[in-house]
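# Coordinate inspection notes
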Amino acid sequence: MVMWHGVRKFGVVALGTGAGLGAYYYQKLRDNQQNVQMSWTNSDKPVNACALWDSNWDCRSPRSLVKPVKNDTPQEQNRYNSELEKATPKVARHIILIRHGEYLDLGDTDETHRLTTRGRLQAQYTGKRLQELGIKWDRVIASTMTRAQETCDIILKEIDFDPKDVKHCAFIREGAPIPPQPPVGHWRPEESFFRDGARIEAGFRRYFHRASPSDKHDTYTLIVGHGNVIRYFVCRALQFPPEAWLRISINHASITWLTIQPSGNVNIKYLGDTGFIPAQYLTNRIPRDAKNIV
């Protein structure tokens, strides 16, 4: 009996030691894997929690729209599952963002900021490219600024969409969305950030969200806007630090394509694509002279 007691005691100790060693090496393995994954930071600390994907970024996750179950009864479970199914999107939303063509900053008012000859050619090439993609457009939205309106008008001559159905939106007018990081010494429009930031963010929330549960097919929205706004939208949609918007450069009349999946995941197909525009017509800054003005 004494001997059996000793065997049991030894077994318990051995089991505890084995479990402890197993847990230790398992954690060690996880730490090593994490160190490898995070090696670009030169740190063994986990990546900031802000880098984790927020699946309910648009506040339209089906589970957030359905009343939680009250009890464990089959009727309540059936009610919840039924409502969850009805609130779940089945298709994707494609948002195609076009930066306006090159323009010349000649006066103090928006009406004087018209497209250059080259800018009109850029818009025409973009329109032809969009037509070649064979997209059936559900919505076309244009900033109310002159250069965006002109760009949109030229594109509409190339694609299959009724100009009378275009929506004109002041939320997506050009502006300074948020102070950039790293700071830019020669550009400090502090007042613009307060004036423009909330408006541009409102534009993002208006147009960027997952599909409606009632949508039966993928939808395609074309937005003709501005460089700063598009760059900010890209950062917000991909959950990059929004302060990074100024690190991105996109050409005039470029195509940026974002897709919002039914799950809420977002991916980017094109970023500032202008491969369809001849090299001699590529620009991304305001010209310094008036030789190309219409």
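Residues numbered from 1 in each chain as written. Predicted model: local features only at pLDDT ≥ 70, side-chain atom pairs only at ≥ 80, totals over all residues. Heavy atoms only, no water.

### A closer look at the overall build of the chain
Regarding its fold elements, the chain presents seven helices and six strands. Helices (α) and strands (β) of the chain occur, in sequence order from the N terminus, as α-α-α-β-α-β-α-β-α-β-α-β-β. Within the chain, the fraction of its 294 residues that count as buried is 40%. Residue pairs at least 24 apart in sequence account for 73% of intrachain contacts in the chain once pairs closer than 6 positions are excluded. Counting every atom, the chain has about 17,500 Å² of accessible surface; 54% of that belongs to carbon and sulfur. (Helix = DSSP H or I, 4+ residues; strand = E, 2+ residues; numbered from the N terminus. Buried < 20%, exposed > 50% of the residue type's maximum accessible area, 1.4 Å probe, protein only. Contact = heavy atoms within 4.5 Å. Areas by Shrake-Rupley, 256 points an atom, 1.4 Å probe, with all protein chains shown as cover.)

### Describing the confidence of the model for the chain
Per-residue pLDDT for the chain has a mean of 86; in total, 79% of the residues score no lower than 70. Here residues 32-38 is a poorly scored stretch, pLDDT under 50, and it has six contacts once near neighbours within four places are set aside; other chains count. (pLDDT = per-residue confidence, 0-100.)

### Regarding the side chain of Arg231
Checked against the element boundaries, Arg231 lands in helix H7 (residues 227-237). The buried charged residue Arg231 lacks any salt bridge partner; its closest oppositely charged side chain belongs to Glu174, at an N-O distance of 5.9 Å. Within the structure, the side chain of Arg231 is placed 2.6 Å from the backbone oxygen of Ile248, a separation counted as a polar contact. If near-sequence neighbours (up to four positions away) are discounted, Arg231 is found in contact with Trp245, Leu246, Ile248, Ser249 and Ile250. (Lys, Arg positive; Asp, Glu negative; His and termini not counted. Salt bridge = Lys/Arg side-chain N within 4 Å of Asp/Glu carboxyl O. Polar contact = N/O pair within 3.5 Å; in protein donor to acceptor, adjacent residues only side chain to side chain.)

### Quick notes on the nonpolar core
If you look at the biggest cluster of nonpolar residues, it comprises 27 residues, and the most contacted ones within it are Leu97, Ile172, Phe208, Phe233 and Leu258. For this core, the elements supplying multiple residues, two or more each, are strand E1 (93-99), helix H6 (190-207), H7 and strand E5 (255-260). What Ile172 contacts, discounting residues up to four positions off in sequence, is Ile141, Ala142, Ser143, Arg199, Gly203, Tyr207, Ile223, Val224, His226, Val229 and Phe233. Among the nonpolar cores identified, the runner-up in size contains 22 residues, and Ile135, Ile159, Phe161 and Phe276 belong to it. (Core = buried A, V, L, I, M, F, W, Y, C linked by side-chain atoms within 4.5 Å.)

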